Amino acid sequence: MKTGYHALVKRLLDGELTLAELPPELRAEGEEALRLVGAADRAPVALSPALDERVMATVRRHAGDAPANRVWRWLNTPRDVELRLRVRPWTVWAGGLAAAAALALLLGRAAPAPPLGPGTQARAGLRDSVLVRFVLYAPGARRVAVAGTFNQWDRSIAPLVPAGTSGVWTTTLALPVGQHQYAFVVDGARWIVDPAAPAVDDGFGRRNSVVAVSAPGGHTL
Amino acid sequence: MGALLGFEGEATDAEVVRAVLAGDVERYAVLVRRYRDRYARYASRMLGSRDVAEDAVQDALVRAFDRLADCREPDKFAGWLFLILRNRCYAERRQRQRQERPLDSTDELFAAPDRPDGEYEQVERAHALEQALQHLTPEQREVFVLKHTEGLAYEEIAGVTGATVASLKMRMHRAYDRLRELMKEHL
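Conventions used here
Residues numbered from 1 in each chain as written. Chains lettered and ligands numbered in written order. Predicted model: local features only at pLDDT ≥ 70, side-chain atom pairs only at ≥ 80, totals over all residues. Heavy atoms only, no water. Salt bridge = Lys/Arg side-chain N within 4 Å of Asp/Glu carboxyl O. Helix = DSSP H or I, 4+ residues; strand = E, 2+ residues; numbered from the N terminus. Buried < 20%, exposed > 50% of the residue type's maximum accessible area, 1.4 Å probe, protein only. Axes fitted to C-alpha atoms, helices over the stretch in contact; angles between N-to-C directions. Parallel < 35°, antiparallel > 145°, perpendicular 65-115°, else oblique. Left-handed = near helix turned anticlockwise from the far one by under 90°. Contact = heavy atoms within 4.5 Å. Nonpolar A, V, L, I, M, F, W, Y, C, P; charged D, E, K, R; others polar. pLDDT = per-residue confidence, 0-100. 1 Å grid on protein atoms, 1.4 Å probe; cavity = no way out; pocket = protein on both sides within 12 Å on 5 of 7 lines; lining within 4 Å. Points joined across faces, edges and corners; volume = space filled by probe spheres on them.

## Some points on the pattern of salt bridges
Counted under the stated rule, the structure contains 21 salt bridges over all chains. Across the salt bridge formed by Glu 26 of chain B and Arg 60 of chain A, the nearest N and O atoms sit 2.7 Å from each other. Taken together, the residues span two chains, with Glu 26 of chain B in the loop between α1 (13-21) and α2 (28-35) and Arg 60 of chain A in helix α3 (residues 51-63). We classify Glu 26 of chain B as partly exposed; its relative accessible area is 40%. Of the charged contacts, one joins Glu 150 of chain B and Arg 41 of chain B as a salt bridge, the two residues approaching to 3.0 Å between their closest N and O atoms. Of this pair, Glu 150 of chain B sits in the loop between α7 (138-149) and α8 (154-161) while Arg 41 of chain B is found in helix α3 (residues 40-47), placing the two residues 109 residues apart along the sequence. Its relative accessible area of 23% is what places Glu 150 of chain B among the partly exposed residues. Assessed through its relative accessible area of 17%, Arg 41 of chain B is described here as buried. Taken together, the shared-partner salt bridges in this structure form one network comprising Asp 59, Arg 63, Arg 88 and Glu 92 of chain B.

## Description of the packing of α7 of chain B against α8 of chain B
All names here are of chain B. Put simply, α7 and α8 touch, their axes get as near as 10 Å, and they point 130 degrees apart. Considering the angle they form, α7 stands oblique to α8. Crossing geometry of α7 relative to α8 is assigned as right-handed. Side by side, α7 and α8 meet where Glu 142, Val 143, Leu 146 and Lys 147 of the first sit next to Tyr 154, Ile 157, Val 160 and Thr 161 of the second. Residue classes in the contact of α7 with α8 are distributed as 5 nonpolar, 1 polar and 2 charged.

## A look at the confidence of the model for chain B
Residues and elements named next belong to chain B. Residue-level pLDDT values for chain B average 84, and 83% of them are 70 or greater. Helix α9 (residues 165-182) holds the highest mean pLDDT among the elements of chain B, 96, whereas helix α5 (residues 77-98) holds the lowest, 87. A low-confidence stretch, residues 1-7 stays under pLDDT 50, and its non-local contacts, those more than four residues away or across chains, total 7 contacts. Here residues 110-115 is a poorly scored stretch, pLDDT under 50, and it has 5 contacts once near neighbours within four places are set aside; other chains count. Both confidence scores are given for the complex: pTM 0.59, ipTM 0.81.

## Some words on empty space enclosed by the protein
Residue and element names in this part refer to chain B. Counted according to the given criterion, the structure contains 1 cavity of 30 Å³ or more. Lining the largest cavity are Tyr 35, Arg 36, Tyr 39, Val 57, Ala 60, Leu 61, Leu 81 and Leu 85. Looking at the lining of the largest cavity, the elements that each hand over two or more residues are α4 (50-66) and α5. The biggest single contributor to the lining of the largest cavity is α4, with 3 residues. Residue classes in the lining of the largest cavity are distributed as 7 nonpolar, no polar and 1 charged.

What follows is the structure in structure tokens.
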């Protein structure tokens with residue numbers, strides 16, 4: 001048996017052709033293909049009658065929660081996080097140099113600190129930052145970015161990268177401790193709230209997603 | 001949407017959503033009853049297990065309640081809920097793949113009927129197809145389920161998934177070839 005179906009047989013399965021419209025030499029293959037899709041089980045699937053009450057019991061509990069509890073529950077909900085690391089040899093050297101610079105910085109703190117300039121503030125800021133991973137499932141998108149209060153809503157600064165061909169887009173950003181509003185921008189024009197995050201009204205009839213970044217060892221709500 | 005089923009069915013989805021957002025939490029039960037079984041078949045076929053599907057539907061209904069204020073178009077609640085359930089199904093599969101925990105057998109989906117002898121072959125084929133579906137990519141499986149189990153047209157599938165019709169057809173055609181290979185003993 002050949003592995004794949006003839007293109008005309010696939011059009012038959014898609015409902016674009018009838019069996020009678022196939023060339024005679026393809027009719028047997030067409031009948032076989034129709035048996036395949038005809039095996040799809042269209043019977044209804046009945047779930048447990050207790051499901052309704054389980055949902056409503058949870059809903060009643062959540063409805064009684066204070067807003068802070070809802071944010072805390074969102075923060076505590078386990079989420080999928082994929083970390084992929086590709087290392088090129090030069091990055092090992094760059095990493096070594098960065099480690100040396102960090103060590104020098106730590107040792108330098110023993111000396112009297114100079115007045116805080118912009119660069120120093122940036123470093124100080126980094127110590128109060130937390131890595132936050134943004135994930136969006138957008139299989140049809142050509143490009144995705146995240147824009148928010150942390151990057152002045154600039155849609156070009158923080159692009160997400162596709163994770164293989166799965167339709168999942170991700171990026172990781174260092175965000176300062178505190179609460180930030182954001183949204184995803186798909187194909188440069190379509191603004192989408194994060195389906196996995198709470199959202200607030202932006203005052204202009206649209207909604208923004210919210211992420212609360214807490215310092216290690218504490219939480220900011 | 002908006003099938004009129006008895007007294008509670010007279011309220012549209014949008015009316016129920018607004019009532020719930022206004023504080024009438026108990027009205028949410030109308031939406032639970034309306035959609036729990038409607039999406040059960042999709043979840044079962046995507047996940048290959050009725051039990052796992054039940055958890056997914058339950059979780060999606062709770063998540064939808066938690067984020068009801070984000071439902072921008074309450075009259076399209078059904079489509080919005082579907083997207084939540086769809087994301088939940090994809091997440092479930094990813095999680096199980098990472099943990100190398102295959103989903104349960106599809107046997108339970110076919111546990112029922114006493115069928116006449118003449119239909120035995122069809123039952124076997126249906127069972128084989130359910131198992132073969134679990135060997136497709138999630139995207140291929142989804143387009144097959146939505147078209148051949150749920151009976152949606154490509155344009156409708158594009159509307160709910162956000163993919164283009166051309167890419168959906170490409171997925172589907174690859175799925176046909178793969179299923180033929182997997183099902184060769186049963187055709």
